[in-house]
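# Notes for the structure review
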Amino acid sequence: MGPGRFSQSLLLRCRRAAAALGAARCRCAPVRARPLSAAVRLWVPQRPGAAGAGGDEEDDDDDDAEEEDEDEAELEELLGPSPLGAGPGTQRVAVVHPAVKWGPKKSPLTTGERGSWLSLKICCLLDQAELQIAEAVALVDTLQNWTVLDKIIIPTKNPDKKFVFGKGNFQVLTEKIKKLPHVTAVFLNVERVSSVTKKELEDAWGVKVFDRYTVVLHIFRCNARTKEARLQIALAEIPLLRSNLRTEVSQLDQQRGGSRYIMGSGETFMETQSRILKEKELKIRNALEKLRRKRSLLRTQRRKREFPIISVMGYTNCGKTTLIKALTGEAGLQPRDQLFATLDITAHAGYLPSHMAVIYVDTIGFLTDLPHSLVESFSATLEEVAYSDLIVHVRDITHPETILQKATVLSVLKNLNLPSHLLDSIVEVHNKVDLIERYKPTEEGALAISALHGHGLEELKEEIEKKILTATGKKILAVNINLEGPQLSWLYKEATVQEVEVMPEDGTARVKVIISNSAFGRYKNLFPNSKIFLP
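The model shown is predicted, which means the values in this text are computed figures rather than measured ones. (Residues numbered from 1 in each chain as written. Predicted model: local features only at pLDDT ≥ 70, side-chain atom pairs only at ≥ 80, totals over all residues. Heavy atoms only, no water.)

## What about the overall build of the protein chain?
Across its full length, the protein chain carries 17 helices and 14 strands. Relative to all contacts within the protein chain whose residues are 6 or more apart in sequence, the contacts with residues 24 or more apart total 72%. Carbon together with sulfur atoms contributes 51% to the accessible area of the protein chain, which is approximately 27,100 Å² in total. (Helix = DSSP H or I, 4+ residues; strand = E, 2+ residues; numbered from the N terminus. Contact = heavy atoms within 4.5 Å. Areas by Shrake-Rupley, 256 points an atom, 1.4 Å probe, with all protein chains shown as cover.)

See below:
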């Protein structure tokens, strides 16, 4: 007597829990599918005396509906067109990378760790610059209707200076850009460009200038499918809007307009705009807090079902979604070969070798050289990781900067203030090994897999199961049951049944199960005469 229809029922329950985890903000659902205020009503306390109040109840419903309409209108205002957006249409981009020769602004190099020290010394500057500009090109290629016209690497000693480059290199760069046919924008591959520097460069080159922050933000904006993602993007834009405001006021001051009071209001232009930005930021944070509280409610419901949660994390485009599709067999998952294809958290149900049902959580990918404020804006999404039972860290082992990418992911995880047991039990997965002949991991405990071709997945599932049993405190035990009683159906519903050994001569069976402490306690209370055997 195998799992059969009971396992199908268990998987269905698990998938419902997964849907509950992500329904409010994922699955690429249309943004208008569910008003925020309707979701928030799940946890709004009922007014005293509402039950059986007749006409008063109708009045309350009318008030709730009006409140919902007001919330929805305010939310749509917050999520309106961004003043920082690159705008619709085609962009023909020149990608410019300032190759820092030395000093604290020079990015760490990890690729050369696999080569000789002499090779590292000779090739480090060129190799590092090529790898960094390749990632910048990949960012541009992610955006629809954006085309890279040219890749330009220019050395610099100090990228923080006004024109980023020295006088001679800046002049050479300007000539190259102006010779490019129909160029519409320059992507300067640095973390942030000050608004003053941005204006000076745009005046010199005659085209728009973007930095990594604005390009990544634009990618986020294009990939956002839920209100929560759009709210987090709007929050990430606030620092840029403040920076632009200071530049605008500075220019107005030069024209003797920035410090004047506005129509007798008692506020200067700077004070008025700063107040508006502060109010907008507060409204966004309040809206995100409502969603966070709803997520907390869903998390509580999920915990009651006791399905283990596995967060799958990694550098962007490392193959997380492909791996989850391979582990769950979920045909609806469509991985995309682009950066930040996953922006919202999504949840997917699957089985481990013991038939234990689990939920895999797909998370946003990471990237080097992203400002803290951008990562912080998505903390509401990433906080879900803290409530996982296990983290699976996926690495694209074919990428030349895989060691640096690993350091980036671990740095972000440590900054999330995760419980120590989560950080200590991470399962490291080396993906895409089908592209490297006879690959063997050098890191202790790392597992080599190919999510695309299924290589190493059984070993990975076994490792996940071992870690999950330790993390959740579930027990493996055997119980003797009467086949005519309700014990077997109860165990299929409340535990993971691994095998059933039927003894037809006396109408009993020995059932091997994986069961949580709380379910085990309930079983003993319901069936006190049942014989229990620990392996």
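Picking up after the structure, the text goes on.
## Comments concerning helix 5 (residues 167–179)
The end-to-end C-alpha distance of helix 5 is 19 Å, a good match for the 18 Å that 13 residues give at a rise of 1.5 Å each. Within the span of helix 5, buried status applies to Phe 170, Leu 173, Thr 174 and Ile 177. When helix 5 is viewed along its axis, its buried side chains cluster within an angular range of 105 degrees and face the same direction. Residues of helix 5 that are buried make contact with strand 1 (91–100), strand 2 (146–156), strand 3 (185–188) and helix 6 (195–205). (Expected span 1.5 Å × (residues − 1). Buried < 20%, exposed > 50% of the residue type's maximum accessible area, 1.4 Å probe, protein only. Arc of directions from axis to C-beta.)

## Let's talk about the sheet that holds strand 11 (residues 475–482)
The strand order across the open sheet formed by 4 strands is 12-13-11-14, and the pairing between neighbours is antiparallel. Here the strands that pair on one side only, and so sit at the sheet edges, are strand 12 (496–503) and strand 14 (531–533). Across the sheet, the mean angle separating the axes of adjacent strands is 20 degrees when strand polarity is ignored. Pairing analysis gives 8 bridges linking strand 11 to strand 13 (residues 508–515), with the strands arranged antiparallel. In the strand pairing of strand 13, Leu 477 is matched with Val 513. Its contacts with the sheet place helix 17 (residues 517–526) against strand 11, strand 13 and strand 14, and it is angled at close to 20 degrees to strand 11. (Pairing = 2+ DSSP bridges. Axes fitted to C-alpha atoms, helices over the stretch in contact; angles between N-to-C directions.)

## Topic: the pattern of salt bridges
As enumerated under the stated definition, the model contains 14 salt bridges in all. Arg 212 is the partner of Glu 135 in a salt bridge, and the nearest nitrogen-oxygen pair spans 3.0 Å. Of the two residues, Glu 135 is situated in helix 4 (residues 117–142) and Arg 212 in helix 7 (residues 212–223); the sequence distance between them amounts to 77 residues. Under the relative-accessibility criterion, Glu 135 is labelled buried at 15%. (Salt bridge = Lys/Arg side-chain N within 4 Å of Asp/Glu carboxyl O.)

## Notes on the nonpolar core
Judged by nonpolar contacts, the single largest core of 37 residues is most densely connected at Val 93, Val 95, Leu 139, Phe 187, Val 215, Met 313 and Ile 391. Counting residues per element, the ones that place at least two in this core are strand 1, helix 4, strand 3, helix 7, helix 8 (227–254) and helix 13 (402–415). With 6 residues, helix 7 is the single largest residue contributor to this core. Residues contacting Val 215, with those up to four places away along its chain left out, are Leu 139, Leu 143, Phe 187 and Phe 210. Grouped together as the second largest cluster of nonpolar side chains are 25 residues, Ile 310, Tyr 360, Val 427 and Ile 449 included. (Core = buried A, V, L, I, M, F, W, Y, C linked by side-chain atoms within 4.5 Å.)

## Looking at the environment of Gly 319
Structurally, the position occupied by Gly 319 is in the loop between strand 5 (309–314) and helix 10 (320–328). Residue Gly 319 is classed as buried on the basis of its relative accessible area, which comes to 15%. Along the sequence, Gly 319 and Arg 395 sit 76 residues apart, while their C-alpha atoms lie 7.9 Å from each other. Once residues lying within four places of it in the same chain are set aside, the contact partners of Gly 319 are Val 394 and Asn 431.

## Section: the side chain of Asn 431
Turning to its location among the elements, Asn 431 is positioned in strand 9 (residues 427–431). Engagement of the side chain of Asn 431 in a polar contact is seen with the backbone oxygen of Cys 318, the distance being 3.1 Å. Residues within four places of Asn 431 in sequence aside, it is in contact with Cys 318, Gly 319, Val 394, Arg 395, Asp 396, Ile 397, Ile 449, Ser 450 and Ala 451. (Polar contact = N/O pair within 3.5 Å; in protein donor to acceptor, adjacent residues only side chain to side chain.)

## Topic: the environment of Phe 533
By the secondary structure assignment, Phe 533 is in strand 14. According to the relative accessible area criterion, Phe 533 is partly exposed, its value standing at 30%. In this structure the C-alpha to C-alpha distance between Phe 533 and Ala 478, which are 55 residues apart in sequence, comes to 5.0 Å. Those residues within four positions of Phe 533 in sequence are excluded, and the remaining contacts are Leu 477, Ala 478, Asn 480 and Arg 510.

## Side note on the confidence of the model for the protein chain
Model confidence for the protein chain is summarised by a mean pLDDT of 77, while 68% of its residues fall at 70 or above. In the model, residues 23–54 has pLDDT below 50 throughout and makes 52 contacts with residues more than four positions away in sequence or in other chains. (pLDDT = per-residue confidence, 0-100.)

## Observations regarding the pairing of strand 12
Pairing analysis gives 7 bridges linking strand 12 to strand 13, with the strands arranged antiparallel. Counted as the bridge partner of Val 497 is Val 513 from strand 13. The loop that links strand 12 with its antiparallel partner strand 13 comprises 4 residues; one of these, Gly 507, has a positive phi angle of about 70 degrees.

## Quick look at the sheet that holds strand 6 (residues 346–351)
Read from one edge of the open sheet, 6 strands run 6-7-5-8-9-10, paired in mixed fashion. Each end of this open sheet is capped by a strand with a single partner; those strands are strand 6 and strand 10 (447–448). Across 4 bridges, the pairing between strand 5 and strand 7 (residues 357–362) is parallel. For Ile 310, the partnering residue across the bridge sits in strand 7 and is Tyr 360. Strand contacts of helix 13: strand 5, strand 8 (390–396) and strand 9, with the helix running at about 155 degrees to strand 8, the strand carrying the most contacts.

## A few points about the packing of helix 5 against helix 6
Two elements in contact, helix 5 and helix 6, have axes separated by 10 Å at closest approach and are oriented at 55 degrees. By the criterion of interaxial angle, the relationship of helix 5 to helix 6 is oblique. Of the residues in helix 6, those in contact with Phe 170, Leu 173, Thr 174, Ile 177 and Lys 178 of helix 5 are Leu 201, Ala 204 and Trp 205. (Parallel < 35°, antiparallel > 145°, perpendicular 65-115°, else oblique.)

## Thoughts on the pairing of strand 11
Of the pairings in the sheet, the one linking strand 11 to strand 14 comprises 3 bridges and is antiparallel in character. Pairing of Asn 480 across the sheet is with Lys 531, part of strand 14.

## Focus: the packing of helix 16 (residues 487–494) against helix 17
Two elements in contact, helix 16 and helix 17, have axes whose closest approach is 11 Å; the angle formed by their N-to-C orientations is 165 degrees. Put simply, helix 16 runs roughly antiparallel to helix 17. When you trace helix 16 past helix 17, the crossing you get is right-handed. On helix 17, the residues that touch Gln 487, Trp 490, Leu 491 and Glu 494 of helix 16 are Ala 519, Arg 522, Tyr 523 and Leu 526. Its residues assigned to classes, the contact of helix 16 with helix 17 comprises 5 nonpolar, 1 polar and 2 charged. (Left-handed = near helix turned anticlockwise from the far one by under 90°. Nonpolar A, V, L, I, M, F, W, Y, C, P; charged D, E, K, R; others polar.)

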